[in-house]
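Architecture at a glance
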Amino acid sequence: MELSIIGSGYVGTTVAACFAKLGHSVTNIDIDEEVVERINSGDSPIHEPGLGDLVAEYGGNRLRATTDYSAIRDTDATFLALPTPSHEDGSIDTSIIKAGARSLGETLGTKDDYHLVIVKSTVVPGTTEDMLGSIIEETSGQTRGEQFDVAMNPEFLREGSAVEDFLNPDKIVFGTENKRANERLANIFEPLIIKSNPEVVETGIREAEMIKYANNAFLATKVSLVNELGNICKEYEVDAYEVTDAIGLDERIGERFLRSGVGWGGSCFPKDTAALVAAARDRGYEPSIVEAAIEVNNKQPKRLLNLLENHTDLPGKRIAVLGLAFKPGTDDVRNSRSIPIIEELQNIGAEVVAYDPVAVENMREHFPNIEYVDSVSLALKGADGALVVTDWDEFSVLNDEFEQMKNPIVVDGRRIVNNQDNITYEGLTW
Ligand SMILES: NC(=O)c1ccc[n+]([C@@H]2O[C@H](COP(=O)([O-])OP(=O)(O)OC[C@H]3O[C@@H](n4cnc5c(N)ncnc54)[C@H](O)[C@@H]3O)[C@@H](O)[C@H]2O)c1
Ligand SMILES: O=c1ccn([C@@H]2O[C@H](COP(=O)(O)OP(=O)(O)O[C@H]3O[C@H](CO)[C@@H](O)[C@H](O)[C@H]3O)[C@@H](O)[C@H]2O)c(=O)[nH]1
């Protein structure tokens with residue numbers, strides 16, 4: 001099939017490249033000319049395992065990119081994979097996706113045959129039909145349910161394993177309002193369903209929108225709960241990982257997403273939990289559990305710093321921050337726990353030296369004035385303390401490198417460093 005995807009970021013590029021692999025012809029529409037140029041020349045605009053190979057193989061042939069919305073006219077369906085960031089109060093800012101829907105509608109007004117518009121972005125219930133459906137009707141002059149349909153197909157891929165997740169999903173959700181939209185979605189996903197046999201959830205559009213928030217709120221709350229349990233375990237000198245490994249054997253709990261540490265970050269959990277809270281409040285409901293999950297998460301970075309302060313005063317000290325990405329396997333630093341940590345270190349008057357294998361350039365935009373180095377060794381050299389913020393594998397094999405520290409205090413926010421004789425080790429969890 002001929003597909004178009006508006007927005008070529010983490011989701012749009014991954015989904016486009018994977019659909020190209022599955023045999024579709026895909027066009028990414030993006031306003032960023034550099035992104036467009038890179039895709040067409042076979043160079044992935046984002047760091048994601050396996051994506052570089054797919055873009056190299058299909059970029060410029062079955063996978064194309066353009067800034068020109070009129071390319072949509074030659075396609076059978078369009079995914080909207082545009083950002084839905086947060087307003088100050090946590091509610092979703094729909095201005096970008098509305099702008100995309102407007103441009104899409106203007107193009108659809110010049111297309112004769114049926115088109116399916118699929119919202120991939122994470123949006124609160126009602127957005128797809130009431131807001132975006134109406135914008136497309138207004139700008140195209142067409143009627144929803146006649147010349148075009150809207151559908152909602154939430155995305156559950158994780159950064160760092162986006163390609164693998166998209167190609168091997170646990171479930172695919174089709175939120176549609178009629179059979180025709182459902183059938184077109186089924187045609188689009190047919191090669192993926194044949195390949196990996198996921199559960200297919202066929203539901204309404206509002207339900208599909210809410211499934212995405214519920215999924216993320218559940219996972220974020222799960223991690224906040226294990227973080228709280230980890231904090232309590234630490235007070236009692238109990239090994240939190242042994243506890244969570246054991247509770248994970250209960251199938252009702254499940255063994256995944258039980259790693260306590262410095263908290264969750266990224267482009268989704270913080271924004272989506274905030275949006276769910278704001279959406280609930282908008283309807284007069286106070287969502288106490290999700291709010292508490294956010295509160296526990298916000299406190300974890302401060303706990304890490306307090307542990308370091310138990311060993312050394314921080315003003316004027318050189319502190320190594322190991323790991324800047326919000327999780328391993330990605331260069332994304334959005335809402336990374338390293339951001340409040342570096343901010344607080346700066347407020348206290350510590351000198352920050354930071355290392356990350358891939359995320360340094362992205363972090364420079366937040367903190368242009370801290371020192372960045374190219375290796376863990378350089379970060380540790382002469383440092384008065386080290387904070388481990390991201391669980392990159394390379395931190396698990398560190399040993400002699402710590403001997404270059406002026407004062408080898410290592411506070412581990414991810415239980416990744418080996419507690420060894422040549423360091424004073426303090427884990428966020430016991
Ligand atoms: N990142 C994830 O892991 C993930 C996973 C599931 C769902 N989501 C959701 O998917 C959506 C997209 O997230 P993302 O992380 O891919 O965003 P992103 O910021 O990585 O990418 C968005 C892209 O859209 C482009 N863009 C902005 N305005 C445009 C316009 N008017 N027309 C065309 N292109 C435009 C930008 O240049 C950028 O390349 C969000 O709603 C997010 O919540 C993200
Ligand atoms: O046991 C765990 C698991 C995760 N995390 C942290 O939680 C955050 C999110 O991790 P992860 O979920 O792996 O990454 P994301 O790429 O943010 O993916 C989440 O957000 C996406 C965007 O909505 C969804 O599509 C995915 O299903 C959902 O897992 C990261 O900071 C992790 O360090 C922990 O602290 N402990």
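Higher on the page you've got the structure.
Conventions we followed
- Residues numbered from 1 in each chain as written.
- Chains lettered and ligands numbered in written order.
- Predicted model: local features only at pLDDT ≥ 70, side-chain atom pairs only at ≥ 80, totals over all residues.
- Heavy atoms only, no water.
- Axes fitted to C-alpha atoms, helices over the stretch in contact; angles between N-to-C directions.
- Helix = DSSP H or I, 4+ residues; strand = E, 2+ residues; numbered from the N terminus.
- Parallel < 35°, antiparallel > 145°, perpendicular 65-115°, else oblique.
- Left-handed = near helix turned anticlockwise from the far one by under 90°.
- Contact = heavy atoms within 4.5 Å.
- Nonpolar A, V, L, I, M, F, W, Y, C, P; charged D, E, K, R; others polar.
- Near = heavy atom within 4 Å.
- Polar contact = N/O pair within 3.5 Å; in protein donor to acceptor, adjacent residues only side chain to side chain.
- Areas by Shrake-Rupley, 256 points an atom, 1.4 Å probe, with all protein chains shown as cover.
- Expected span 1.5 Å × (residues − 1).
- Core = buried A, V, L, I, M, F, W, Y, C linked by side-chain atoms within 4.5 Å.
- Buried < 20%, exposed > 50% of the residue type's maximum accessible area, 1.4 Å probe, protein only.

Turning to the packing of helix α8 (residues 205-235) against helix α10 (residues 269-282), a few remarks are in order. For the pair α8 and α10, the least separation of the axes is 9 Å and the interaxial angle reads 115°. Considering the angle they form, α8 stands roughly perpendicular to α10. Seen from above, α8 lies across α10 with left-handed handedness. In contact with M210, K212, Y213, N216, A217, L219 and A220 of α8, α10 contributes F269, D272, T273, A275 and L276. The residue makeup of the contact of α8 with α10, split by class, is eight nonpolar, two polar and two charged.

On to the site of ligand 1, then. Taken together, 26 residues form the shell around ligand 1, and within it V11, D30, Y69, T84 and K271 come nearest. Between D30 and ligand 1, the recorded distance is 2.7 Å, taken from a side-chain N or O atom to an oxygen atom. At 3.4 Å from an oxygen atom of ligand 1 is found a side-chain nitrogen or oxygen belonging to R334. Contact with the protein chains covers 88% of the free accessible surface of ligand 1, which is 840 Å². Grouping the amino acids of the shell around ligand 1 by side-chain chemistry returns twelve nonpolar, seven polar and seven charged.

The next subject is α8. Residue pairs three or four apart in sequence face the same way in an α-helix, which turns once every 3.6 residues. With 31 residues, α8 extends 46 Å from end C-alpha to end C-alpha; this agrees with the ideal 45 Å at 1.5 Å per step. Of the residues trailing α8, E237 is marked for its positive phi of about 55°.

Okay, the nonpolar core next. Counting residues in hydrophobic clusters, the biggest one holds 50 residues, and the most contacted among them are L322, L324, L345, L387, F395 and V417. Elements represented by at least two residues in this core include exactly α11 (288-309), β9 (318-322), α12 (338-348), β10 (351-355), α13 (360-366), α14 (376-380), β12 (385-388) and β13 (409-412). Contacts of V417, omitting those with residues within four sequence positions, involve V388, F395, F402, V410, D412, I423 and Y425. If you look at the next biggest cluster of nonpolar residues, it comprises 38 residues, including V15, L22, V26 and L185.

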